[in-house]
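# Analysis of the macromolecular model
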Amino acid sequence: MLNFLKSIGTKTFHFPRSISNNFLGFRHLINFYDFAKDIYDSKISVNLSGTKWFDANLCAVLGAIFIDLKLRNNKITLVASLENVVIDSFKKNHFLKYFGLDEAIDTYNTTIKFKVFSKEERTLFQEYLDKEFLPKISNDISMSDEFQAVLASNLDEVYQNARTHGNSDKIVVCGQWYPKSTIVKLTVVDLGVTIFENVRRLHPDKTPSEAIEWSTRCGTTTKSCTEPGGLGLYNLKEFICKNSGKMHIVSNCGYWGISPNKSKNISLNSFDKSFNGTIVNLEFNLKDANVYFTSEEENALLSYVDNLLFSSS
Amino acid sequence: MGNNNIINLKVHDIIKTEYAVAPEDGDILFQEIIRAFSQGKNMIILNFEAITRATTLFFNHATAPLLKEFSLEVISNRIKFENVTKSTMLLYLKVMTLADLKFNCPEEYKKTLEEELKIE
């Protein structure tokens with residue numbers, strides 16, 4: 001009876017006043033995911049009339065949930081006033097356009113477009129970085145080639161992780177550039193195998209947030225003992241710390257976050273509902289992007305480079 | 001060493017993209033490296049001309065598995081790089097150092113992991 005009822009009528013979800021890049025913001029999004037996850041053949045009304053702020057990069061999470069809903073033959077309606085600034089930003093970053101709705105001109109050229117990739121697309125994300133993400137930010141600030149390469153390479157790792165570890169059919173991405181504060185945010189979402197599911201094969205004792213924490217350590221990998229791995233998320237974490245940026249990972253009901261200072265202050269938390277996928281949410285501080293500093297350990301490794309370069313003499 | 005024993009592998013031509021990022025493309029390069037060794041090549045030059053950037057995932061598949069057969073020292077003597085950026089070399093070195101520890105010094109690798117997991 002309950003399943004039959006879930007398939008009829010319009011179901012409404014009201015978003016709160018603000019959705020921001022923090023634990024509370026993710027909790028609201030997970031509440032929406034939980035609301036939506038078992039609904040099929042229905043009309044869903046997503047009410048944003050009371051929402052005054054929605055961090056644009058988090059469209060990636062909203063979009064992933066919408067895609068999931070549409071796979072189960074649901075029709076989604078957004079409810080908001082025409083002057084709603086949130087809807088306006090959804091038009092500018094092409095989030096609405098993806099779902100067949102309006103788009104608008106991004107007059108300030110600060111949106112980093114909403115985009116959906118398929119698992120099979122090995123390198124289209126890299127083209128997106130080179131044509132959409134990097135040009136937006138390098139228009140306004142000076143970035144050294146090395147900084148740019150390391151930034152992009154770290155983002156490449158996140159995408160490739162979603163393809164391989166997450167094994168997700170779709171990977172959803174969205175960002176936002178804030179030129180006045182020289183901060184850029186990018187969110188990568190997949191609805192595939194969670195970090196908790198992957199890690200618990202090796203460590204059944206770990207909670208979802210502990211599993212995320214474990215996965216960010218140097219050398220930890222869920223691959224077998226005969227396969228190399230364990231550097232992707234660790235490298236990204238180190239880069240964010242050096243950069244005084246922010247990083248959040250949400251997977252299953254686990255939350256992992258790192259603070260915007262150089263003291264590597266990590267916070268772990270749990271949600272009371274589960275997100276069956278992974279959200280990697282990144283904030284880069286580009287104030288000092290004209291130079292890339294290598295750490296002492298990196299300098300030690302780099303001392304071997306000359307021996308590895310080919311010389312024809 | 002005669003030139004017949006040296007082969008220049010242009011990574012861009014092998015993986016058919018400027019992005020050395022995907023593990024599948026790492027597998028393709030690995031097969032080419034193995035083929036070169038089986039053909040008696042003593043030195044392989046990995047030419048990264050036209051490659052924009054790389055990931056640790058790529059090197060985990062392209063070069064780290066060589067450590068199951070050869071020592072890091074042998075690989076360092078037989079595999080050289082050309083037209084490669086400092087950041088790509090750093091990724092390669094990080095991957096190979098960690099993989100060498102994992103495959104060839106498992107006790108020390110385990111100890112390193114335990115130390116890492118104790119931090120904070």
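For the structure, check the block above.
Residues numbered from 1 in each chain as written. Chains lettered and ligands numbered in written order. Predicted model: local features only at pLDDT ≥ 70, side-chain atom pairs only at ≥ 80, totals over all residues. Heavy atoms only, no water.

### Focus: the overall build of chain A
Scanning chain A from terminus to terminus reveals 12 helices and 10 strands. On C-alpha atoms alone, chain A measures out to a radius of gyration of 20 Å, which is about the 20 Å that the 2.2 N^0.38 rule sets for 313 residues. Its C-alpha atoms give chain A principal-axis dimensions of about 75 × 50 × 35 Å. Here chain A holds 313 residues, and the buried ones make up 56% of them. Considering only intrachain contacts with a sequence separation of at least 6, the fraction spanning at least 24 residues in chain A is 67%. Of the side-chain charges in chain A, 35 are positive and 35 negative, and the distance between the mean point of each set is 7 Å. (Helix = DSSP H or I, 4+ residues; strand = E, 2+ residues; numbered from the N terminus. Rg over C-alpha atoms; globule rule 2.2 N^0.38 Å. Buried < 20%, exposed > 50% of the residue type's maximum accessible area, 1.4 Å probe, protein only. Contact = heavy atoms within 4.5 Å. Lys, Arg positive; Asp, Glu negative; His and termini not counted. Charge placed at Lys NZ, Arg CZ, Asp CG, Glu CD.)

### Details of the sheet that holds strand β7 (residues 170-178) of chain A
Residues and elements named next belong to chain A. Here we have 5 strands laid out as an open sheet, ordered β6-β7-β8-β10-β9, and antiparallel in their pairing. Edge positions in the sheet fall to β6 (111-118) and β9 (246-258), since each of these pairs with one other strand and no more. Averaged over all pairs of adjacent strands, the angle between their axes in this sheet comes to 20°, without regard to strand direction. Note that β7 and strand β8 (residues 183-190) share 8 bridges and pair antiparallel. Counterpart to Gln-176 in the pairing with β8 is Lys-185. Where helix α7 (residues 145-164) meets the sheet, its contacts fall on β6, β7, β8 and β10 (266-285), and the angle it forms with β10 comes to roughly 160°. Docked against the sheet, helix α9 (residues 208-215) engages β9 and β10, running at close to 135° with respect to β9. (Pairing = 2+ DSSP bridges. Axes fitted to C-alpha atoms, helices over the stretch in contact; angles between N-to-C directions.)

### What to know about the sheet that holds strand β1 (residues 10-14) of chain A
Residue and element names in this part refer to chain A. Strand order in the open sheet formed by 3 strands is β1-β3-β5, and the pairing between neighbours is parallel. Edge positions in the sheet fall to β1 and β5 (75-79), since each has one partner strand and no second. Between one strand and the next, the sheet's axes are offset by a mean angle of 20°, whatever the strand orientation. Here β1 runs beside strand β3 (residues 43-47); their pairing, made up of 5 bridges, is parallel. Each bridged residue has a counterpart across the sheet, and for Phe-13 the counterpart in β3 is Val-46. Packed onto the sheet, helix α2 (residues 23-36) meets β1 and β3 and runs at close to 170° relative to β1. Its contacts with the sheet put helix α3 (residues 59-71) on β3 and β5, and the angle it makes with β5 is roughly 140°.

### Describing the packing of aromatic side chains
According to the stated counting rule, one finds 35 aromatic pairs over all chains in the structure shown. Taken together, the aromatic side chains of Phe-13, Phe-15, Phe-32, Phe-35, Phe-54, Phe-66, Phe-90, Phe-95, Tyr-98, Phe-99 and Phe-114 of chain A make up a single cluster linked through ring pairs. In this structure, Lys-115 of chain A is placed above the aromatic ring of Phe-117 of chain A, and the distance from its NZ or CZ to the ring centre is 5.7 Å. The ring of Phe-70 of chain B has Arg-78 of chain B sitting right over it, with the charged end atom 5.8 Å from the ring centre. (Phe/Tyr/Trp six-rings, centres within 6.5 Å; stacked < 30°, edge-to-face > 60°. Lys NZ or Arg CZ within 6 Å of the ring centre and 35° of its normal.)

### Regarding helix α2 (residues 23-38) of chain B
Residue and element names in this part refer to chain B. Compared with the 22 Å implied by 1.5 Å per residue over 16 residues, the 22 Å span of α2 between its first and last C-alpha is a close match. For α2, the full list of buried residues reads Pro-23, Asp-25, Gly-26, Leu-29, Phe-30, Ile-33, Ala-36 and Phe-37. Down the axis of α2, the buried side of the element spans an arc of 150°, and every buried residue falls inside it. (Expected span 1.5 Å × (residues − 1). Arc of directions from axis to C-beta.)

### Looking at the layout of surface pockets
Over the atoms rolls a probe the size of a water molecule, and its path tells where empty space is left. Residue and element names in this part refer to chain A. Reported here for the second largest pocket is a volume of approximately 530 Å³. Looking at the second largest pocket, it is lined by 19 residues, and the ones nearest its centre are Trp-53, Ser-89, Thr-110, Gln-176 and Tyr-178. Those elements that provide at least two residues to the lining of the second largest pocket are β4 (53-54), α4 (85-92) and β7. Of the residues forming the lining of the second largest pocket, the biggest block, 5 residues, is contributed by α4. Across the lining of the second largest pocket, the residue classes tally to 9 nonpolar, 5 polar and 5 charged. (1 Å grid on protein atoms, 1.4 Å probe; cavity = no way out; pocket = protein on both sides within 12 Å on 5 of 7 lines; lining within 4 Å. Points joined across faces, edges and corners; volume = space filled by probe spheres on them. Nonpolar A, V, L, I, M, F, W, Y, C, P; charged D, E, K, R; others polar.)

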